[in-house]
Structure formats: C-alpha cells, structure tokens
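Here is how the chains run, residue by residue.
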Amino acid sequence: MSKRWRYLLWGSYCLLCAPIFSHAQSGLTLGVTQFRPLPIMLEQYQPLAEYLSAELGIPVELHLLEREELVTGSAIHHVDLLLTNPFHYQVLRHHSGLTSALATVATLEQGHATSSLGGVIFTTADRDDLNTLSDLRGQRVATPGESFLAAYQAPAYELLTIGIRLHADTQVLVVGSHDDVITA
C-alpha cells in the first residue's frame, strides 16, 4: 500500500473502520499497548487480530507496543490501528496531530455493556485498618507509573476529591508494571 492509513482506536471494536481499509492489499498492523506480560497479551489480543483479518479479508498483524513508544508518539508511525487508553490517546493526539478516536471499548461486565474505565485500590487481607480512601493518608501506594490512567490518574483524582494529594500525603512507589504492583 503506497499510503498507510494511521488511525487510533480508543477501544477494541474497530470494525467501524473496515470500509476505509477495503483497498489495502499488503495488510495492516494492529498496535496494542503492552501493559501485561507478553503471553497474557498475546492470548488476549491475537484473537482480535485474527478476527479482523477474517472480517477485512487482509492480514492484520498484532504488534505489542511498549508504553514509551506511546509516550514519545513514535508508535503512530509503525501501526495502522492502535488500541490504547484515553491518556495515551491524548498524548498521541498532541504529538502527532490525531483528530479523534474511531471507536471506544464496550466490554461486558456481568452481562452488561460498559465503556467506563476505572482503577482499583487494594491491600492485603490482613490490613483491616484500610477501609476507606481517607485511610490511605500516610500510607505507601504502589503504581506502575503516573501515565497510567486506571492505575494512577483515576485513583489520584478520587483521592484529590477528598483532600489527599498522592505525593504530598502518601508515599508513592513507582514499580513499572501492573504485575509489579501486585508483588509490591
């Protein structure tokens, strides 16, 4: 294909863009933010690439992207379709001039469609002193990094609404990955 189409999908239902790619002959690259270990990501997203290949009638190759590729904006030059979170979408939009997302994620949770994104704050079972957000003042809080919407920004916002500033009122441990948060 002489001109590669570059679009950002803010979700996993990208058949909305299938007619756009009807002229593609050599195939497309589907980029997905790698936020979990490789085997887990392949198990989760390879079926999507295969489904898109079958539906579009052209090969769709899965390419897992490191967070840094999204933060710097370099990922957009290597993929035709991109699944990422709203924060990385905004970063890429700023760096590369993207105008809008083509789709948003709508997953099923207990049989109900949801397009919401949220974070989880958890502790070990033996910590019966941490029951509300206000109990986090003065505690250690682990996060994969500050650019993670659900793993940092959403919880930070919720804490801020009750007067807790993460770096001022807690000890923030940046550990690098979601799995490392569990370990920490």
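Anyway, here's the lowdown on the structure attached to this text.

Parameters at a glance
Residues numbered from 1 in each chain as written. Predicted model: local features only at pLDDT ≥ 70, side-chain atom pairs only at ≥ 80, totals over all residues. Heavy atoms only, no water. Helix = DSSP H or I, 4+ residues; strand = E, 2+ residues; numbered from the N terminus. Buried < 20%, exposed > 50% of the residue type's maximum accessible area, 1.4 Å probe, protein only. Contact = heavy atoms within 4.5 Å. Areas by Shrake-Rupley, 256 points an atom, 1.4 Å probe, with all protein chains shown as cover. Arc of directions from axis to C-beta. Salt bridge = Lys/Arg side-chain N within 4 Å of Asp/Glu carboxyl O. Core = buried A, V, L, I, M, F, W, Y, C linked by side-chain atoms within 4.5 Å.

**Observations regarding the overall build of the protein**
Now for step 1: Helix and strand counts for the protein stand at six helices and seven strands.
Now for step 2: Beginning at the N terminus, the succession of helices and strands in the protein can be written as β-α-β-α-β-α-β-β-β-α-α-β-α.
Now for step 3: The 184 residues of the protein split such that 35% are buried.
Now for step 4: In the protein, once contacts between residues fewer than 6 apart in sequence are set aside, the share between residues at least 24 apart is 68%.
Now for step 5: Accessible surface, the protein: about 10800 Å² in total, of which carbon and sulfur atoms supply 54%.

**Comments concerning helix H4 (residues 149-161)**
An α-helical turn contains 3.6 residues, so a residue and the one three or four places further along point in the same direction.
Now for step 1: Among the residues making up H4, those that are buried are Tyr152, Pro155, Ala156 and Leu159. One side of H4 carries all its buried residues, which in axial view fall inside an arc of 110°.
Now for step 2: Those residues of H4 that are buried are in contact with strand S6 (140-143), helix H5 (166-169) and strand S7 (171-174).
Now for step 3: The positive-phi residue at the C-terminal boundary of H4 is glycine 163, with phi of around 90°.

**Concerning the pattern of salt bridges**
Side chains that differ in sign of charge can pair as their charged atoms come close.
Now for step 1: Evaluation of the coordinates by the stated rule reveals four salt bridges.
Now for step 2: Residues aspartate 169 and arginine 165 are paired through a salt bridge, measuring 3.8 Å at the closest nitrogen-oxygen approach.
Now for step 3: Of the residues examined, aspartate 169 reaches a relative accessible area of 15% and is grouped as buried.
Now for step 4: Judged by relative accessible area, arginine 165 falls into the partly exposed class, the value being 49%.
Now for step 5: Among the charged side chains, a network of salt bridges with common partners joins Arg137, Arg165 and Asp169.

**Quick notes on the nonpolar core**
Now for step 1: Formed by 15 residues in total, the largest nonpolar core has its most connected members in Leu30, Val32, Tyr45, Leu52, Val60 and Leu62.
Now for step 2: Broken down by secondary-structure element, the contributors of at least two residues to this core are strand S1 (28-33), helix H1 (38-56), strand S2 (60-65) and strand S3 (81-83).
Now for step 3: Among the elements that take part in this core, H1 stands out by supplying six residues, more than any other.
Now for step 4: Residue contacts for valine 60: discarding those within four places in its chain leaves Leu28, Leu30, Ala49, Leu52 and Ser53.
Now for step 5: In this structure, Leu136, Ala156, Leu159 and Ile164 belong to the second largest nonpolar core, which totals seven residues.

**Topic: the environment of proline 86**
Now for step 1: Turning to its location among the elements, proline 86 is positioned in helix H3 (residues 86-96).
Now for step 2: Judged by its relative accessible area of 18%, proline 86 is buried.
Now for step 3: Each C-alpha atom, one on proline 86 and one on leucine 149, is 7.4 Å from the other, the two residues being 63 residues apart in sequence.

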